[in-house]
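# Close look at the chain arrangement
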2 protein chains.
Amino acid sequence: MKVYVPFSPENPKTRLSSLLTDEERVEFVYACLGDVLEALEKTDAEPVVLSTEPIDGLGGHETVVRDEPLTPAVNAVLRKAEPPVGVVVADLPLVTSDALRRLFAPEEGFVVAPGRGGGTNAFITRISGFRVDYHGTSFLDHIEKARELGADVRVIDSFRLSTDADEPEDIVEVLLHGEGHAAEFARERFELIEDEKERVTVERV
Amino acid sequence: MKVYVPFSPENPKTRLSSLLTDEERVEFVYACLGDVLEALEKTDAEPVVLSTEPIDGLGGHETVVRDEPLTPAVNAVLRKAEPPVGVVVADLPLVTSDALRRLFAPEEGFVVAPGRGGGTNAFITRISGFRVDYHGTSFLDHIEKARELGADVRVIDSFRLSTDADEPEDIVEVLLHGEGHAAEFARERFELIEDEKERVTVERV
């Protein structure tokens, strides 16, 4: 089964600008992409990078370049793909092959893992005609669309697949639970501290 | 297996004060407690409320009252308990019996589900002598202690068990994914909107 990994390294992760320089933000999204691809490689899936620009240095993964926003780029590949087909976002710094296997195992027509805040971090569709519309609460919209197409829906309960790399709080989770390149990137730069309200946050080492 | 549910309804959830009145915060933690107890009742566990004050109106669950902070109260019951024994925090608004069964199923000596930010939202210990120390990154500390006691450790990857009810962003998750009393409470008062940065947040209905 092909699993597309949309990737856009142009001025990424602006909400991390308080923590990371422009160069570091690019380095970080490449680290996350590497983790997602390596985790996928350990499953039965065939990862395909769907990138807005040519990339290299990632071990020769199949890459499709489409210089388009996320939604039309993903829909272009879904239109051509033979189900089953999956889409896993590139910015999952806690991803593991075990978590992905839990996504791939169920037999329902549409299997999906939500992100924090209502996003759609990973899905598999076994039905034809499914199209994405990434925005705010896309998770709810995608489930509704899949049901309209007649699919049974299964939601995967995964902390690892729900954790994006968008906000400074996400870096806390990377330091606590990460196991790959993104964690290595974060541990070289940050450490966990408790703030005055006893919440865990990060500061530069 | 007894599973203790620590509960303190005195001025709870102060970080939700921007969204909820004092009375609502108390009502909300009771709603969350009800969800946790009902989910536990659908498993093989025997829930015991470990409350800082007498409670009622929750269907006659066994209750232990200890007017102490969280850590000494939990350690007092762990000291007397015969393993296996579990502790599940009361403020898990997305809890389901399926998520709890995933916590109870593995056979390792210490099975734990982290909360966002490094907390310890739920654990089972099958070894004697395990004691808690709830604070910042208690998740890491608890794993280390369990290993020192010779336990194999298993971490449960659950978005539902990782989601607390501490911050306004958590109310977003309750509206998106909740199925019980906490979700009913939230849906009566809030709806999802997208802010100027296209993040999903909540406002009063």
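Residues numbered from 1 in each chain as written. Chains lettered and ligands numbered in written order. Predicted model: local features only at pLDDT ≥ 70, side-chain atom pairs only at ≥ 80, totals over all residues.

## Section: helix α6 (residues 168–177) of chain B
Along an α-helix, residues three or four positions apart point the same way, because every turn accommodates 3.6 residues. Residues and elements named next belong to chain B. Most of α6 sits inside the fold, with 7 of its 10 residues counted as buried. Those residues of α6 lying buried are Asp170, Ile171, Val172, Glu173, Val174, Leu175 and His177. The elements touched by buried residues of α6 are α7 (181–189), β8 (190–194) and β9 (200–204). (Buried ≥ 20, exposed ≤ 12 C-beta atoms within 10 Å, placed from the backbone. Helix = DSSP H or I, 4+ residues; strand = E, 2+ residues; numbered from the N terminus. Contact = placed C-beta atoms within 7 Å.)

## Some remarks on the relation of the copies chain B and chain A
With an axial shift of 0.0 Å and an RMSD of 0.0 Å, the rotation relating chain B to chain A amounts to 180°. Such a turn and shift between the copies fits a two-fold axis. Within chain B, B:Phe159 has its C-alpha nearest the rotation axis, a separation of 1.9 Å. Most of the interface of chain B is mirrored in chain A, where 100% of its interface residues again form contacts. (Least-squares fit on C-alpha atoms with pLDDT ≥ 70 in both.)

## Focus on the interface of chain B and chain A
The figure often quoted for interface size is the accessible area lost as the parts come together. Residue-level contacts link 22 residues of chain B with 22 residues of chain A. Those elements giving two or more residues to the side of chain B that touches chain A turn out to be α4 (138–148), α5 (159–162), α6 and β8 of chain B. Its residues assigned to classes, the side of chain B that touches chain A comprises 8 nonpolar, 7 polar and 7 charged. (Nonpolar A, V, L, I, M, F, W, Y, C, P; charged D, E, K, R; others polar.)

## Quick look at the sheet that holds strand β1 (residues 2–7) of chain B
Residues and elements named next belong to chain B. Taking strand neighbours across the sheet as the criterion, the 7 strands line up as β3-β2-β1-β4-β6-β5-β7 in an open arrangement whose pairing is mixed. Where the open sheet ends on each side, the last strands, each with one partner, are β3 (62–65) and β7 (153–155). Taking the axes of each pair of neighbouring strands and ignoring which way they run, one obtains an average angle of 20° across the sheet. Note: β1 against strand β2 (residues 46–51), 6 bridges, orientation parallel. Of the residues in β2, the one forming a bridge with proline 6 is leucine 50. With respect to the sheet, helix α1 (residues 22–41) is in contact with β1, β2 and β4 (85–88), its orientation differing from that of β1 by roughly 175°. (Pairing = 2+ DSSP bridges. Axes fitted to C-alpha atoms, helices over the stretch in contact; angles between N-to-C directions.)

## Focus: the environment of A:Gly178
Residues and elements named next belong to chain A. Tracing the chain through its elements places glycine 178 in the loop between α6 (168–177) and α7 (181–189). In the structure, glycine 178 is positioned 110 residues away from glutamate 68 in sequence and 30 Å away in space, judged by C-alpha atoms. Those residues within four positions of glycine 178 in sequence are excluded, and the remaining contacts are Pro93, Leu94, Ala183 and Ala186.

## Some points on the environment of B:Val87
Residues and elements named next belong to chain B. As for its position among the elements, valine 87 is in strand β4. Overall, valine 87 belongs to the buried group, with 26 C-beta atoms counted inside 10 Å. Spatially, the C-alpha atom of valine 87 lies 16 Å from that of serine 158, the residues being 71 residues apart in sequence. Sequence-distant contacts of valine 87, defined by excluding residues within four places in its chain, comprise Val3, Tyr4, Pro6, Val74 and Phe123.

## Regarding the sheet that holds strand β6 (residues 120–125) of chain A
Residue and element names in this part refer to chain A. Overall, mixed pairing links the 7 strands, which are arranged β3-β2-β1-β4-β6-β5-β7 in an open sheet. Unpaired on one side and paired on the other, β3 (62–65) and β7 (153–155) mark the two borders of the sheet. The average undirected angle you get between the axes of adjacent strands in this sheet is 20°. Bridge analysis of strand β5 (residues 110–114) against β7 gives 3 bridges, and the strand direction is parallel. Residue pairing for β7: phenylalanine 110 is matched across the bridge by valine 153. Each of β1 (2–7), β2 (46–51), β3 and β4 (85–88) is contacted by helix α2 (residues 70–80), which is oriented at about 160° to β1, the strand it contacts most.

## Observations regarding the pairing of β4(A)
All names here are of chain A. Residue alternation in β4 divides its side chains into two sets, Val85 and Val87 and Gly86 and Val88, and both sets are buried. The sheet contact formed by β1 and β4 spans 3 bridges and is parallel. Bridge assignment links valine 3 to a residue of β4, and that residue is glycine 86. Two strands pair when backbone bridges link them, and β4 and β6 are joined in this way by 4 bridges, in the antiparallel orientation. Its bridge partner being in β6, glycine 86 is matched across the sheet by isoleucine 124.

## What to know about the packing of α6(B) against α7(B)
All names here are of chain B. With their axes 9 Å apart at the nearest point, α6 and α7 run at an angle of 105° to one another. Taken together, the axes of α6 and α7 lie roughly perpendicular to each other. Contacts between α6 and α7 pair Ile171, Val174 and Leu175 from the former with Ala182, Ala183, Ala186 and Arg187 from the latter. By residue class, the composition of the contact of α6 with α7 is 6 nonpolar, no polar and 1 charged. (Parallel < 35°, antiparallel > 145°, perpendicular 65-115°, else oblique.)

## A few points about the environment of B:Val112
Residue and element names in this part refer to chain B. Checked against the element boundaries, valine 112 lands in strand β5 (residues 110–114). Taking the C-beta count within 10 Å as the criterion, valine 112 has 23 such neighbours and is therefore assigned buried. Expressed as a C-alpha distance, the spacing of valine 112 and proline 12, which sit 100 residues apart in the sequence, is 24 Å. When near neighbours in sequence (up to four residues on either side) are disregarded, valine 112 contacts Thr120, Phe123, Phe139, His142, Ile143, Val155 and Ile156.

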